[in-house]
Amino acid sequence: MRHFEYLSDAEIQRLFHRAPQPFTVDTDPGMLAMGLGATLYSPGTRPRLAADIAKRAAYGVVSLVVCLEDSIADEEVPFAEQNTVAQLREYAQTGASGPLIFVRVRSAYQIRLIVDGLGEHLPVLAGFVIPKFLGSTGVEFLEEIEAASERTGRRLYAMPVLESPELAYTETRRDELEGVRQLLMKHRSTILAVRTGATDLSSAYGLRRNRELTIYHVHVIASVISDIVNVLGRAGGDGFVITGPVWEYFSYQERIFKPQLRESPFKEHDERPLRAKMIDADLDGLIREVVLDQANGLTGKTVIHPSHVAAVHALSVVSHEEYSDACEILAATTGGVKASQYKNKMNESKPHRAWAEQLLRRATMFGVINEDVSYIDVISASDQL
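Positions within a chain are numbered from 1, following the residues in the order the chain's sequence is written. For a predicted model such as this one, the threshold for reporting local features is a pLDDT of at least 70, and the threshold for listing and counting side-chain atom pairs is 80 or more; totals across whole chains, interfaces and linings nevertheless cover every residue. Based on all heavy atoms of the structure, the side-chain values leave hydrogens and waters out of the count.

A. Structural detail: the overall build of the protein chain. Of the regular secondary structure elements, the protein chain holds 17 helices and twelve strands. Throughout, the radius of gyration refers to the C-alpha atoms, and the reference size of a globule is 2.2 Å times the residue count to the power 0.38. Taken over the C-alpha trace, the protein chain has a radius of gyration of 21 Å; the compact-globule value for 385 residues is 21 Å, and the two agree within 12%. Reported as C-alpha extents along the three principal axes, the dimensions of the protein chain are approximately 60 × 45 × 40 Å. Taken across its 385 residues, the protein chain has 53% of its residues classed as buried. Any two residues whose heavy atoms approach within 4.5 Å are treated as being in contact. When contacts within the protein chain are restricted to residue pairs at least 6 apart in sequence, long-range pairs at least 24 apart make up 77% of them. Strands here mean DSSP runs of E at least two residues long; helices mean DSSP runs of H or I at least four residues long; both are numbered from the N terminus. Between buried and exposed lies partly exposed: a residue is buried under 20% and exposed over 50% of the maximum accessible area for its type, with that area taken using a 1.4 Å probe on protein chains only.

Next up, the structure:
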(Lines give C-alpha, C1' and ligand atoms only; values in the text may rest on other atoms or scores of the structure.)
Protein backbone atom coordinates (compact mmCIF):
# COMPACT_ATOMS: atom_id res chain seq x y z
CA MET A 1 0.00 0.00 0.00
CA ARG A 2 0.96 3.61 -0.47
CA HIS A 3 -0.95 6.83 0.03
CA PHE A 4 -2.03 8.43 -3.28
CA GLU A 5 -1.24 5.19 -5.10
CA TYR A 6 -3.96 6.00 -7.63
CA LEU A 7 -1.96 8.99 -8.93
CA SER A 8 0.26 8.50 -11.96
CA ASP A 9 4.04 8.70 -11.70
CA ALA A 10 3.89 12.03 -13.52
CA GLU A 11 1.40 13.42 -11.00
CA ILE A 12 3.48 12.19 -8.07
CA GLN A 13 6.53 13.90 -9.54
CA ARG A 14 4.58 17.13 -10.15
CA LEU A 15 3.14 17.28 -6.66
CA PHE A 16 5.74 15.76 -4.36
CA HIS A 17 9.21 16.78 -3.28
CA ARG A 18 9.39 13.49 -1.39
CA ALA A 19 6.88 10.80 -2.41
CA PRO A 20 4.90 8.78 0.15
CA GLN A 21 6.58 5.47 0.98
CA PRO A 22 4.96 2.02 0.64
CA PHE A 23 3.89 0.18 3.79
CA THR A 24 2.25 -3.05 4.90
CA VAL A 25 0.60 -4.33 8.06
CA ASP A 26 4.08 -5.47 9.12
CA THR A 27 5.55 -1.96 8.96
CA ASP A 28 6.86 -0.51 12.23
CA PRO A 29 3.75 0.12 14.40
CA GLY A 30 4.65 3.76 15.08
CA MET A 31 4.87 4.47 11.37
CA LEU A 32 1.77 2.40 10.63
CA ALA A 33 -0.29 4.32 13.19
CA MET A 34 0.90 7.60 11.70
CA GLY A 35 -0.23 6.43 8.26
CA LEU A 36 -3.80 5.37 9.13
CA GLY A 37 -5.15 8.61 7.67
CA ALA A 38 -8.90 8.76 7.13
CA THR A 39 -10.27 5.56 8.66
CA LEU A 40 -13.55 4.77 6.92
CA TYR A 41 -16.29 3.03 8.90
CA SER A 42 -18.70 0.62 7.22
CA PRO A 43 -21.55 -1.39 8.83
CA GLY A 44 -21.00 -5.15 8.95
CA THR A 45 -24.44 -5.65 7.41
CA ARG A 46 -23.49 -4.35 3.94
CA PRO A 47 -24.33 -7.14 1.48
CA ARG A 48 -21.56 -6.14 -0.97
CA LEU A 49 -18.93 -5.30 1.60
CA ALA A 50 -16.12 -7.09 -0.26
CA ALA A 51 -16.81 -5.10 -3.42
CA ASP A 52 -17.10 -1.90 -1.39
CA ILE A 53 -13.67 -2.48 0.18
CA ALA A 54 -12.08 -3.05 -3.21
CA LYS A 55 -13.70 0.07 -4.63
CA ARG A 56 -12.64 2.27 -1.73
CA ALA A 57 -9.09 0.90 -1.77
CA ALA A 58 -8.81 1.91 -5.42
CA TYR A 59 -9.81 5.45 -4.44
CA GLY A 60 -7.25 5.87 -1.68
CA VAL A 61 -8.69 4.33 1.51
CA VAL A 62 -5.84 2.65 3.43
CA SER A 63 -7.65 1.90 6.72
CA LEU A 64 -11.21 0.67 7.11
CA VAL A 65 -13.34 -0.50 10.04
CA VAL A 66 -16.17 -3.00 9.66
CA CYS A 67 -18.54 -2.14 12.48
CA LEU A 68 -20.52 -4.63 14.56
CA GLU A 69 -21.38 -2.08 17.23
CA ASP A 70 -23.44 1.13 17.18
CA SER A 71 -23.87 1.31 13.39
CA ILE A 72 -26.13 -1.76 13.41
CA ALA A 73 -29.31 -2.58 15.31
CA ASP A 74 -29.18 -5.13 18.12
CA GLU A 75 -31.33 -7.61 16.20
CA GLU A 76 -28.94 -7.43 13.23
CA VAL A 77 -25.90 -8.65 15.16
CA PRO A 78 -26.08 -12.37 14.19
CA PHE A 79 -26.40 -11.51 10.50
CA ALA A 80 -23.67 -8.87 10.72
CA GLU A 81 -21.27 -11.39 12.29
CA GLN A 82 -21.90 -13.95 9.57
CA ASN A 83 -21.82 -11.38 6.80
CA THR A 84 -18.58 -9.83 8.02
CA VAL A 85 -16.79 -13.18 8.03
CA ALA A 86 -18.16 -14.14 4.61
CA GLN A 87 -17.37 -10.78 3.02
CA LEU A 88 -13.84 -10.59 4.44
CA ARG A 89 -13.13 -14.13 3.24
CA GLU A 90 -14.37 -13.12 -0.19
CA TYR A 91 -12.18 -10.03 -0.21
CA ALA A 92 -9.15 -12.01 0.97
CA GLN A 93 -9.52 -14.32 -2.02
CA THR A 94 -8.93 -11.39 -4.38
CA GLY A 95 -5.32 -11.30 -3.17
CA ALA A 96 -5.43 -7.55 -2.54
CA SER A 97 -2.73 -6.19 -0.23
CA GLY A 98 -4.84 -3.49 1.41
CA PRO A 99 -6.47 -1.60 3.00
CA LEU A 100 -5.76 -2.23 6.68
CA ILE A 101 -9.04 -3.78 7.84
CA PHE A 102 -10.25 -3.75 11.44
CA VAL A 103 -13.47 -5.07 12.95
CA ARG A 104 -15.19 -3.01 15.62
CA VAL A 105 -16.69 -5.52 18.03
CA ARG A 106 -19.30 -4.95 20.69
CA SER A 107 -18.45 -8.04 22.78
CA ALA A 108 -15.17 -9.85 23.41
CA TYR A 109 -16.56 -13.20 22.19
CA GLN A 110 -16.79 -11.71 18.69
CA ILE A 111 -12.98 -11.56 18.47
CA ARG A 112 -12.66 -15.35 18.52
CA LEU A 113 -15.70 -15.69 16.28
CA ILE A 114 -14.16 -13.45 13.60
CA VAL A 115 -10.67 -14.93 13.87
CA ASP A 116 -11.87 -18.55 13.72
CA GLY A 117 -14.35 -17.72 10.98
CA LEU A 118 -11.65 -16.22 8.76
CA GLY A 119 -9.38 -19.22 9.23
CA GLU A 120 -6.71 -19.30 6.53
CA HIS A 121 -7.88 -15.86 5.37
CA LEU A 122 -6.94 -14.20 8.68
CA PRO A 123 -4.12 -12.16 7.02
CA VAL A 124 -6.84 -9.92 5.55
CA LEU A 125 -7.46 -8.61 9.09
CA ALA A 126 -5.19 -6.05 10.78
CA GLY A 127 -6.97 -6.10 14.13
CA PHE A 128 -9.93 -4.94 16.18
CA VAL A 129 -11.47 -1.69 17.40
CA ILE A 130 -12.64 -1.80 21.02
CA PRO A 131 -15.55 0.56 21.79
CA LYS A 132 -16.23 2.34 25.08
CA PHE A 133 -12.81 1.40 26.36
CA LEU A 134 -11.99 1.78 30.08
CA GLY A 135 -9.30 0.36 32.30
CA SER A 136 -11.91 -1.85 33.97
CA THR A 137 -13.60 -3.13 30.79
CA GLY A 138 -10.80 -3.26 28.23
CA VAL A 139 -8.82 -6.11 29.79
CA GLU A 140 -11.07 -8.86 28.44
CA PHE A 141 -10.86 -7.51 24.88
CA LEU A 142 -7.09 -7.04 24.90
CA GLU A 143 -6.45 -10.48 26.37
CA GLU A 144 -8.72 -12.06 23.76
CA ILE A 145 -6.89 -10.26 20.94
CA GLU A 146 -3.50 -11.31 22.29
CA ALA A 147 -4.69 -14.89 22.75
CA ALA A 148 -5.84 -14.91 19.12
CA SER A 149 -2.47 -13.55 18.00
CA GLU A 150 -0.62 -16.25 19.93
CA ARG A 151 -2.96 -19.00 18.75
CA THR A 152 -2.68 -18.06 15.07
CA GLY A 153 0.91 -16.83 14.97
CA ARG A 154 -0.21 -13.53 13.48
CA ARG A 155 -0.03 -10.20 15.28
CA LEU A 156 -3.42 -8.53 15.57
CA TYR A 157 -3.62 -4.91 16.65
CA ALA A 158 -6.11 -3.21 18.95
CA MET A 159 -7.46 0.32 18.64
CA PRO A 160 -9.40 1.28 21.78
CA VAL A 161 -12.01 4.02 21.49
CA LEU A 162 -12.26 6.49 24.37
CA GLU A 163 -15.92 7.53 24.47
CA SER A 164 -17.48 6.50 27.78
CA PRO A 165 -19.36 8.89 30.12
CA GLU A 166 -16.80 8.15 32.84
CA LEU A 167 -14.23 9.90 30.64
CA ALA A 168 -16.60 12.77 29.87
CA TYR A 169 -17.39 13.66 33.48
CA THR A 170 -14.83 15.79 35.30
CA GLU A 171 -15.08 13.98 38.63
CA THR A 172 -14.18 10.56 37.18
CA ARG A 173 -12.02 11.48 34.17
CA ARG A 174 -8.64 11.73 35.87
CA ASP A 175 -8.79 8.32 37.55
CA GLU A 176 -10.29 6.65 34.47
CA LEU A 177 -7.61 8.05 32.16
CA GLU A 178 -4.89 6.85 34.50
CA GLY A 179 -6.50 3.39 34.51
CA VAL A 180 -6.60 3.42 30.73
CA ARG A 181 -2.96 4.52 30.55
CA GLN A 182 -1.77 1.74 32.85
CA LEU A 183 -3.68 -0.90 30.89
CA LEU A 184 -2.44 0.35 27.52
CA MET A 185 1.16 0.43 28.72
CA LYS A 186 0.82 -3.16 29.91
CA HIS A 187 -0.36 -4.19 26.44
CA ARG A 188 1.66 -1.64 24.48
CA SER A 189 2.81 -3.96 21.69
CA THR A 190 -0.83 -4.68 20.84
CA ILE A 191 -2.03 -1.05 20.76
CA LEU A 192 -1.74 0.54 17.33
CA ALA A 193 -3.55 3.82 18.04
CA VAL A 194 -6.07 5.32 20.44
CA ARG A 195 -9.28 6.59 18.88
CA THR A 196 -11.55 9.34 20.25
CA GLY A 197 -15.31 8.98 20.18
CA ALA A 198 -16.73 12.49 20.20
CA THR A 199 -20.26 11.37 19.29
CA ASP A 200 -20.63 9.20 22.39
CA LEU A 201 -18.84 11.73 24.58
CA SER A 202 -21.27 14.41 23.39
CA SER A 203 -24.22 12.16 24.13
CA ALA A 204 -23.28 12.26 27.83
CA TYR A 205 -24.46 15.90 27.73
CA GLY A 206 -27.22 15.56 25.16
CA LEU A 207 -25.11 17.47 22.62
CA ARG A 208 -24.37 17.19 18.93
CA ARG A 209 -22.07 19.63 17.18
CA ASN A 210 -23.49 21.67 14.33
CA ARG A 211 -21.99 21.13 10.85
CA GLU A 212 -20.71 24.71 10.91
CA LEU A 213 -18.82 24.18 14.17
CA THR A 214 -15.86 21.97 14.99
CA ILE A 215 -15.64 19.71 18.01
CA TYR A 216 -13.28 22.29 19.51
CA HIS A 217 -16.16 24.79 19.69
CA VAL A 218 -17.94 22.35 22.02
CA HIS A 219 -15.83 23.21 25.03
CA VAL A 220 -16.98 20.43 27.31
CA ILE A 221 -15.83 17.83 24.73
CA ALA A 222 -12.72 19.77 23.75
CA SER A 223 -11.63 19.56 27.38
CA VAL A 224 -11.95 15.76 27.27
CA ILE A 225 -9.81 15.58 24.13
CA SER A 226 -7.28 17.87 25.78
CA ASP A 227 -7.00 15.58 28.80
CA ILE A 228 -6.74 12.47 26.60
CA VAL A 229 -3.79 14.00 24.75
CA ASN A 230 -2.29 15.19 28.04
CA VAL A 231 -2.28 11.70 29.55
CA LEU A 232 -1.82 9.47 26.48
CA GLY A 233 -0.20 11.63 23.81
CA ARG A 234 3.01 12.77 25.47
CA ALA A 235 6.26 12.88 23.54
CA GLY A 236 9.35 10.96 24.58
CA GLY A 237 8.27 7.38 23.95
CA ASP A 238 5.46 7.12 26.49
CA GLY A 239 2.68 8.42 24.25
CA PHE A 240 0.35 6.82 21.73
CA VAL A 241 -0.90 8.03 18.37
CA ILE A 242 -4.36 9.52 19.03
CA THR A 243 -6.77 9.89 16.14
CA GLY A 244 -9.28 12.64 15.46
CA PRO A 245 -13.00 12.12 16.13
CA VAL A 246 -15.54 11.35 13.44
CA TRP A 247 -16.91 14.04 11.13
CA GLU A 248 -20.61 13.24 10.78
CA TYR A 249 -21.76 15.41 7.86
CA PHE A 250 -21.56 14.86 4.14
CA SER A 251 -24.27 16.78 2.29
CA TYR A 252 -25.14 20.42 1.77
CA GLN A 253 -27.65 22.16 4.01
CA GLU A 254 -28.71 25.78 4.39
CA ARG A 255 -25.97 27.73 6.16
CA ILE A 256 -26.04 30.17 9.05
CA PHE A 257 -22.39 31.23 8.68
CA LYS A 258 -20.20 31.95 5.71
CA PRO A 259 -18.12 29.08 4.27
CA GLN A 260 -14.90 28.52 6.19
CA LEU A 261 -12.64 28.08 3.14
CA ARG A 262 -10.77 31.24 2.16
CA GLU A 263 -11.12 32.05 -1.51
CA SER A 264 -7.60 33.39 -2.12
CA PRO A 265 -5.69 30.04 -2.01
CA PHE A 266 -8.08 28.56 -4.55
CA LYS A 267 -7.74 31.64 -6.74
CA GLU A 268 -3.94 31.42 -6.58
CA HIS A 269 -4.03 27.78 -7.69
CA ASP A 270 -6.74 28.38 -10.31
CA GLU A 271 -9.14 26.07 -8.45
CA ARG A 272 -12.21 28.21 -7.79
CA PRO A 273 -14.56 25.45 -9.07
CA LEU A 274 -12.95 23.04 -6.59
CA ARG A 275 -13.74 25.42 -3.72
CA ALA A 276 -17.38 25.57 -4.76
CA LYS A 277 -17.48 21.79 -5.05
CA MET A 278 -15.97 21.34 -1.60
CA ILE A 279 -18.41 23.77 -0.03
CA ASP A 280 -21.32 22.01 -1.71
CA ALA A 281 -20.03 18.71 -0.30
CA ASP A 282 -19.88 20.31 3.18
CA LEU A 283 -16.14 19.73 3.43
CA ASP A 284 -15.10 23.16 4.66
CA GLY A 285 -16.08 22.27 8.23
CA LEU A 286 -14.20 18.99 7.99
CA ILE A 287 -11.07 20.72 6.75
CA ARG A 288 -11.15 23.23 9.58
CA GLU A 289 -11.56 20.45 12.14
CA VAL A 290 -8.67 18.40 10.67
CA VAL A 291 -6.39 21.44 10.98
CA LEU A 292 -7.47 21.86 14.59
CA ASP A 293 -7.03 18.12 15.24
CA GLN A 294 -3.42 18.39 14.15
CA ALA A 295 -2.85 21.53 16.19
CA ASN A 296 -4.14 19.69 19.27
CA GLY A 297 -1.97 16.59 18.85
CA LEU A 298 -4.31 14.27 16.93
CA THR A 299 -3.33 12.34 13.81
CA GLY A 300 -5.73 10.92 11.21
CA LYS A 301 -9.51 10.92 11.53
CA THR A 302 -12.54 8.67 11.65
CA VAL A 303 -14.79 9.27 8.62
CA ILE A 304 -18.14 7.88 7.52
CA HIS A 305 -18.23 8.96 3.87
CA PRO A 306 -15.76 8.31 1.03
CA SER A 307 -15.77 12.00 0.03
CA HIS A 308 -13.95 12.80 3.28
CA VAL A 309 -10.90 10.67 2.52
CA ALA A 310 -9.16 12.87 -0.07
CA ALA A 311 -9.46 15.97 2.10
CA VAL A 312 -8.07 14.28 5.23
CA HIS A 313 -5.16 12.76 3.30
CA ALA A 314 -4.32 15.99 1.47
CA LEU A 315 -4.16 17.81 4.80
CA SER A 316 -1.91 15.06 6.17
CA VAL A 317 0.75 15.70 3.53
CA VAL A 318 3.74 17.63 4.88
CA SER A 319 4.44 21.03 3.33
CA HIS A 320 7.86 21.82 1.92
CA GLU A 321 8.24 24.54 4.55
CA GLU A 322 7.47 22.21 7.46
CA TYR A 323 9.85 19.59 6.06
CA SER A 324 12.62 22.16 5.67
CA ASP A 325 12.15 23.30 9.26
CA ALA A 326 12.14 19.73 10.61
CA CYS A 327 15.31 18.75 8.76
CA GLU A 328 17.07 21.89 9.96
CA ILE A 329 16.03 21.28 13.57
CA LEU A 330 17.19 17.66 13.55
CA ALA A 331 20.49 18.58 11.92
CA ALA A 332 21.38 20.85 14.87
CA THR A 333 22.75 18.28 17.30
CA THR A 334 24.14 20.72 19.88
CA GLY A 335 21.13 22.96 20.40
CA GLY A 336 20.72 26.60 19.50
CA VAL A 337 18.26 28.69 17.57
CA LYS A 338 18.27 30.16 14.08
CA ALA A 339 15.89 31.68 11.56
CA SER A 340 14.17 29.20 9.29
CA GLN A 341 15.14 28.88 5.65
CA TYR A 342 11.83 30.51 4.84
CA LYS A 343 12.85 33.52 6.98
CA ASN A 344 9.50 33.67 8.76
CA LYS A 345 10.04 31.91 12.10
CA MET A 346 12.68 30.71 14.54
CA ASN A 347 13.71 27.08 14.75
CA GLU A 348 14.91 26.15 18.23
CA SER A 349 16.49 22.74 17.99
CA LYS A 350 15.88 21.34 21.47
CA PRO A 351 12.23 22.27 22.21
CA HIS A 352 11.17 21.72 18.56
CA ARG A 353 12.92 18.36 18.22
CA ALA A 354 10.00 16.13 19.24
CA TRP A 355 7.76 17.97 16.78
CA ALA A 356 10.34 17.53 14.01
CA GLU A 357 10.73 13.80 14.64
CA GLN A 358 6.99 13.27 14.49
CA LEU A 359 6.66 15.39 11.37
CA LEU A 360 9.27 13.30 9.54
CA ARG A 361 7.31 10.14 10.38
CA ARG A 362 4.25 11.72 8.81
CA ALA A 363 6.36 12.80 5.83
CA THR A 364 7.42 9.20 5.28
CA MET A 365 3.82 8.01 5.18
CA PHE A 366 2.11 10.90 3.35
CA GLY A 367 4.99 12.54 1.49
CA VAL A 368 6.24 16.11 1.22
CA ILE A 369 4.77 18.41 -1.41
CA ASN A 370 6.82 20.63 -3.67
CA GLU A 371 7.46 24.21 -2.68
CA ASP A 372 4.87 25.67 -5.06
CA VAL A 373 2.20 23.05 -4.30
CA SER A 374 -0.59 23.22 -1.70
CA TYR A 375 -3.12 20.78 -0.28
CA ILE A 376 -5.56 22.22 -2.80
CA ASP A 377 -3.49 20.81 -5.66
CA VAL A 378 -3.40 17.41 -3.99
CA ILE A 379 -7.19 17.32 -3.54
CA SER A 380 -7.68 18.47 -7.13
CA ALA A 381 -5.40 15.73 -8.46
CA SER A 382 -7.18 13.15 -6.33
CA ASP A 383 -10.54 13.93 -8.00
CA GLN A 384 -12.35 11.99 -5.29
CA LEU A 385 -15.02 14.49 -4.24
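B. Geometry of the sheet that holds strand E9 (residues 301-303). Strands are treated as partners if at least two bridges between them are detected by DSSP. Taken in spatial order, the eight strands of this closed barrel run E2-E3-E4-E5-E6-E7-E8-E9, and their pairing is parallel. On average, adjacent strands in this sheet sit at an angle of 30 degrees to one another, irrespective of strand direction. Bridge analysis of strand E3 (residues 63-67) against strand E4 (residues 100-104) gives five bridges, and the strand direction is parallel. When the bridges of E4 are listed, Ser 63 appears paired with Leu 100. Geometry is summarised by axes, namely lines fitted to C-alpha atoms with helices restricted to the contacting stretch, and by angles between N-to-C directions that run from 0 to 180 degrees.

C. Quick peek at the domain arrangement of the protein chain. Domain annotation for the protein chain reports domain 1 (7-316) and domain 2 (319-365). Residue ranges for the domains trace back to a domain assignment, done automatically or taken from a database. Distance between the C-alpha centres of domain 1 and domain 2: 28 Å. On the side of domain 2, nine residues touch domain 1, which itself brings 13 residues to the contact. Buried area is understood as the total, over both parts, of accessible area removed when two parts are fitted together, assessed with a 1.4 Å probe. Taking both partners together, domain 1 and domain 2 bury about 1,100 Å²; carbon and sulfur atoms supply 66% of that area. Put simply, a salt bridge is a Lys or Arg side-chain nitrogen that is within 4 Å of an Asp or Glu carboxyl oxygen. For the pair domain 1 and domain 2, the number of links is zero salt bridges. Where the side of domain 1 that touches domain 2 is concerned, the elements lending two or more residues are strand E1 (16-18), helix H2 (29-34) and helix H14 (307-316). Here the residues of the side of domain 1 that touches domain 2 sort into six nonpolar, six polar and one charged. Following the grouping adopted for this structure description, the nonpolar residues are Ala, Val, Leu, Ile, Met, Phe, Trp, Tyr, Cys and Pro, the charged ones are Asp, Glu, Lys and Arg, and the polar ones are all others, Gly among them.

D. Inspection of the pattern of salt bridges at higher detail. Taken as a whole, this structure holds 21 salt bridges when the rule is applied. The salt bridge involving Arg 14 is made with Glu 11; its shortest N-O contact spans 2.9 Å. Taken together, the positions of Arg 14 and Glu 11, both in helix H1 (residues 9-15) and three residues apart, correspond to about one turn of that helix. Here Arg 181 and Glu 178 are joined by a salt bridge, their closest N and O atoms 2.8 Å apart. With Arg 181 and Glu 178 both in helix H8 (residues 170-186) and three residues apart, this pair spans about one turn of that helix. The exposure class assigned to Arg 181 is partly exposed, which follows from its relative accessible area of 28%. Look at Glu 178 and you get partly exposed, because its relative accessible area is 29%. What emerges from the salt-bridge pattern is a single network uniting Glu 69, Asp 70, Arg 104, Lys 132, Glu 163 and Asp 200.

E. Molecular detail of the pairing of E3. Across the five residues of E3, five count as buried, placing the element largely inside the fold. Burial of the side chains of E3 extends over both faces: Ser 63, Val 65 and Cys 67 are buried on one face and Leu 64 and Val 66 on the other. Relative to E3, strand E2 (residues 38-43) runs parallel, the two sharing five bridges. Of the residues in E3, the one forming a bridge with Pro 43 is Cys 67. Viewed with both strands pointing away, a crossover whose connecting path from the first strand over the helix to the second turns clockwise is right-handed. A crossover connection joins E2 to the parallel E3 through helix H3 (residues 49-58); in handedness this β-α-β unit is right-handed.

F. Quick peek at the packing of helix H13 (residues 283-295) against H14. Across the interface, H13 lies against H14 with an axial gap of 10 Å and an inter-helix angle of 35 degrees. The chirality of how H13 crosses H14 is right-handed. Residues Leu 283, Leu 286, Ile 287, Val 290, Val 291 and Gln 294 of H13 form the contact with H14, whose participating residues are Ser 307, His 308, Ala 311, Val 312, Leu 315 and Ser 316. Should the near helix be turned anticlockwise from the far one by less than a right angle, the crossing is left-handed, and should it be turned clockwise, the crossing is right-handed.

G. Highlighting the side chain of Asp 325. Within the secondary structure layout, Asp 325 lies in helix H15 (residues 320-331). A residue is classified by how much of its surface remains accessible, and Asp 325, at 3% relative accessible area, is buried. Here a polar contact means two N or O atoms within 3.5 Å. Within protein one must be a hydrogen donor candidate and the other an acceptor candidate, and residues neighboring in sequence count only if both atoms are side-chain atoms. Among the polar contacts made by the side chain of Asp 325, one reaches the side chain of Lys 345 at a distance of 2.9 Å. Setting aside chain neighbours within four positions, we find Asp 325 in contact with Ser 340, Lys 345, Asn 347 and Trp 355.

H. Expanded view of unusual backbone geometry. A cis amide bond, omega 0 degrees, links Gly 98 with the succeeding residue Pro 99. Relative to the elements of secondary structure, Pro 99 occurs in the loop between helix H4 (77-92) and E4. Look at Phe 4: it is not a glycine, yet its phi comes out positive at around 65 degrees. Summarising the element assignment, Phe 4 is placed in the segment before H1. At Lys 132, a position not held by glycine, the phi torsion is positive, near 50 degrees. Take Lys 132: its relative accessible area is 32%, and that puts it in the partly exposed class.

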